[in-house]
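# Analysis of the macromolecular model
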Amino acid sequence: MSEYTDRMDSATERFVAHRNLLFTVAYEMLGSAADAEDVLQETWLKWVSVDLDAVQDQRAYLVRMVTRQALMRLRTLGRRRESYIGPWLPEPLLTSPDVAEDIELADSLSMAMLLVLETLTPIERAVFVLREVFALDYGEIAEAVDKSQAAVRQIAHRARSHVAARRPRAGVSQAEIRNALEAFQRAAETGDLQSLLTILAPDVVFLGDGGGAVQAALSPIVGAGHVAPLAAGLARYGAAALQLAQINGHPALVLRIDGEIDAVIAVRVDDGLITGLYAVRNPEKLSRVERETKVGR
């Protein structure tokens, strides 16, 4: 019994030491904290049966295990999202201010970037995340996704090209995003349509995720002339309802009604203007905004 307990304690200690990393890998592959937690649970159940003394690099081994579990789940989620009611958006996370200091991690966690990753195939997404965000070498990635190194290099090149054509403009600072959000917040709280038209890009896209549980636009709303009146409608909730928060490593707005979180509003900013507005209202996706989620590389 003592030997078994010692082995379990050792397995637990080593798993917990890498937990933030493992969660982040799973979340970036899935866009869902709930599914990432399920992947971690599945990984843990397999991890406790591993002969730890035979594992040379336990961090790499765990990342491989999480990647394989996440890939299986990602293929299932793809089928599930085909029947999702309205636009699907990633599950927002309340993150600590220090996440923003790791610019590459923060950019990879942003709502805009996660939506770009949704356009990749499962295998492309896994390779891109492991290589570009977590800097694994091609050999490690090949083991994680059961491909040859040559195939992984080709997949990585294809995924990088795809993402580069769609990702938010590089170099947008936290201050620039915050300034755009604060201008949007002031205009929305007062219902100032002209000010909203000033901060929104002419071709801004609004996506609302209600998941069929609450009211939300069932298709993207495109153009400042259509998005501005929608945002101006927030004025009826009162100034105290909108609060700045650090979501997915970037400034965002949390809308509270009668003290309860009603929506998280994240933005994409290009050249000082808001080009994307992402409002998550699905109640099942808002639990991670009440408490901070630990992420890391």
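To be clear, the structure that these remarks concern was listed above.
Since the model is a prediction, treat every value here as computed from it, not as a measurement.

### Regarding the overall build of the protein chain
The helix and strand inventory of the protein chain stands at 12 helices and 6 strands. What you see for the protein chain is a C-alpha radius of gyration of 20 Å, in line with the 19 Å of a compact globule of 297 residues. Out of the 297 residues in the protein chain, the part that is buried amounts to 52%. Excluding contacts between residues fewer than 6 apart, the proportion of contacts in the protein chain whose partners are at least 24 apart in sequence is 69%.

### Describing the side chain of Thr-275
Tracing the sequence through the fold places Thr-275 in strand S6 (residues 273–280). Residue classification places Thr-275 among the buried residues on the basis of a relative accessible area of 19%. Thr-275 has contacts with Ala-201, Asp-203, Val-204, Val-205, Arg-268, Val-269 and Asp-270, leaving out every residue within four places of it along the chain.

### As for the pattern of salt bridges
Taken as a whole and assessed by the stated rule, the structure comprises 17 salt bridges. Salt-bridge contacts for Asp-270 lead to Arg-268; the nearest nitrogen and oxygen are separated by 2.9 Å. The class for Asp-270 is buried, based on a relative accessible area of 14%. Here Lys-294 makes a salt bridge to Glu-292, at a shortest N to O gap of 3.3 Å. One salt-bridge network, held together by shared partners, links Asp-35, Asp-38, Glu-42 and Arg-73.

### A closer look at the packing of aromatic side chains
In the structure shown here, the tally under the stated rule is 3 aromatic pairs. The ring of Tyr-138 has Arg-131 lying over it, and the distance from NZ or CZ to the ring centre is 4.1 Å.

### Considering the side chain of Ser-96
By the secondary structure assignment, Ser-96 is in the loop between helix H4 (58–81) and helix H5 (103–109). For Ser-96, a relative accessible area of 11% puts it in the buried group. Each residue touching Ser-96, except ones within four places of it in the same chain, is listed here: Gln-246 and Glu-292.

What counts and what doesn't
Residues numbered from 1 in each chain as written. Predicted model: local features only at pLDDT ≥ 70, side-chain atom pairs only at ≥ 80, totals over all residues. Heavy atoms only, no water. Helix = DSSP H or I, 4+ residues; strand = E, 2+ residues; numbered from the N terminus. Rg over C-alpha atoms; globule rule 2.2 N^0.38 Å. Buried < 20%, exposed > 50% of the residue type's maximum accessible area, 1.4 Å probe, protein only. Contact = heavy atoms within 4.5 Å. Salt bridge = Lys/Arg side-chain N within 4 Å of Asp/Glu carboxyl O. Phe/Tyr/Trp six-rings, centres within 6.5 Å; stacked < 30°, edge-to-face > 60°. Lys NZ or Arg CZ within 6 Å of the ring centre and 35° of its normal.

Fair warning: the whole summary comes from geometry, so function is off the table for now.
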